[in-house]
Amino acid sequence: SAVTFGTFHAVFFTILKAAYNYSAHCIIKPQIQHEFVKDQMCRLELEYDDENEAVAGVLSEISCVKGGGVNRCIPPQSFRIMYRAYDDMLVRKHLIDFDDMIVQCRELLMQREDYRRAWQNKYKYILIDEFQDINKAQFDVVRILADEYRNLFVVGDDDQSIYGFRGSA
């Protein structure tokens, strides 16, 4: 069987769904993310010019950190507080975000040989288009999946990278 990783999240969610019985209801909705971060920013009395831009910046930083990057824009003390609160809220409400899909998938495949082998056998051939737009965590999962058969083909162009804000190359 072959897979084109045009939409990483669909593959990662399929793996997690099989392992943990996740459903679409487990994925946090963007509106809930936005409201939660906005409330945290108010609670911390952070100043910003544009609310939507500020919230998007925080969510982008969270995504970057979960993807293996580092916090670059938000004051570290405030970011740590918001990150922990956000993560605690996800756990409390039994939700995951798209970055959690990648992180949990990577952990599952690293820790459980039976799952790793099963998914490696399912995806014997992997093609990644827009390779320049994947982050370290996504690459880790792909590397694990491709490790058994080593049938990985990637296409990318650094001049077209649009996801640097979330830790891609």
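Calculation criteria
- Residues numbered from 1 in each chain as written.
- Predicted model: local features only at pLDDT ≥ 70, side-chain atom pairs only at ≥ 80, totals over all residues.
- Heavy atoms only, no water.
- Helix = DSSP H or I, 4+ residues; strand = E, 2+ residues; numbered from the N terminus.
- Buried < 20%, exposed > 50% of the residue type's maximum accessible area, 1.4 Å probe, protein only.
- Contact = heavy atoms within 4.5 Å.
- Areas by Shrake-Rupley, 256 points an atom, 1.4 Å probe, with all protein chains shown as cover.
- Axes fitted to C-alpha atoms, helices over the stretch in contact; angles between N-to-C directions.
- Parallel < 35°, antiparallel > 145°, perpendicular 65-115°, else oblique.
- Left-handed = near helix turned anticlockwise from the far one by under 90°.
- Nonpolar A, V, L, I, M, F, W, Y, C, P; charged D, E, K, R; others polar.
- Salt bridge = Lys/Arg side-chain N within 4 Å of Asp/Glu carboxyl O.
- Patch = residues over 30% accessible without salt bridge, like charges linked within 9 Å, V, L, I, M, F, W, Y side chains within 5 Å.

**Student:** Just give me the short version of the overall build of the protein, but keep the residues and values in it.
**Tutor:** From N to C terminus, the protein includes seven helices and three strands. Secondary structure of the protein in N-to-C order comes out as β-α-α-α-α-α-α-β-α-β. Here the protein holds 169 residues, and 41% of them are scored as buried. Look at the contacts in the protein between residues 6 or more apart in sequence, and 70% of them connect residues 24 or more apart. Accessible area for the protein stands at about 9800 Å²; split by element, carbon and sulfur atoms hold 51% of it.

**Student:** How would you summarise the packing of helix 1 (residues 8-20) against helix 5 (residues 98-111) if you had to cite specific residues and measurements?
**Tutor:** Interhelical geometry of helix 1 versus helix 5 gives an angle of 60° and a closest axis separation of 9 Å. Of the possible angle classes, the one that applies to helix 1 and helix 5 is oblique. Here the hand of the crossing between helix 1 and helix 5 comes out left-handed. Residue-level inspection shows His9, Phe12, Phe13, Ile15, Leu16, Ala19 and Tyr20 of helix 1 in contact with helix 5, the latter providing Phe98, Met101, Ile102, Gln104, Cys105 and Leu108. In the contact of helix 1 with helix 5, the residues fall into 11 nonpolar, two polar and no charged.

**Student:** I'd love a proper account of the pattern of salt bridges, names of residues and values included.
**Tutor:** Counted by the stated rule, this structure contains 10 salt bridges. Residues Asp147 and Arg150 are paired through a salt bridge, measuring 3.2 Å at the closest nitrogen-oxygen approach. Judged by its relative accessible area of 65%, Arg150 is exposed. A single salt-bridge network, built from bridges that share partners, covers Arg106, Lys136, Asp140 and Arg143.

**Student:** Explain a nonpolar patch on the surface to me, and be specific about the residues and the numbers.
**Tutor:** The grouping of Leu127, Phe153 and Val155 at the surface amounts to a nonpolar patch, some 250 Å² of accessible area in total. Here Val155 lies in the segment after strand 3 (152-154).

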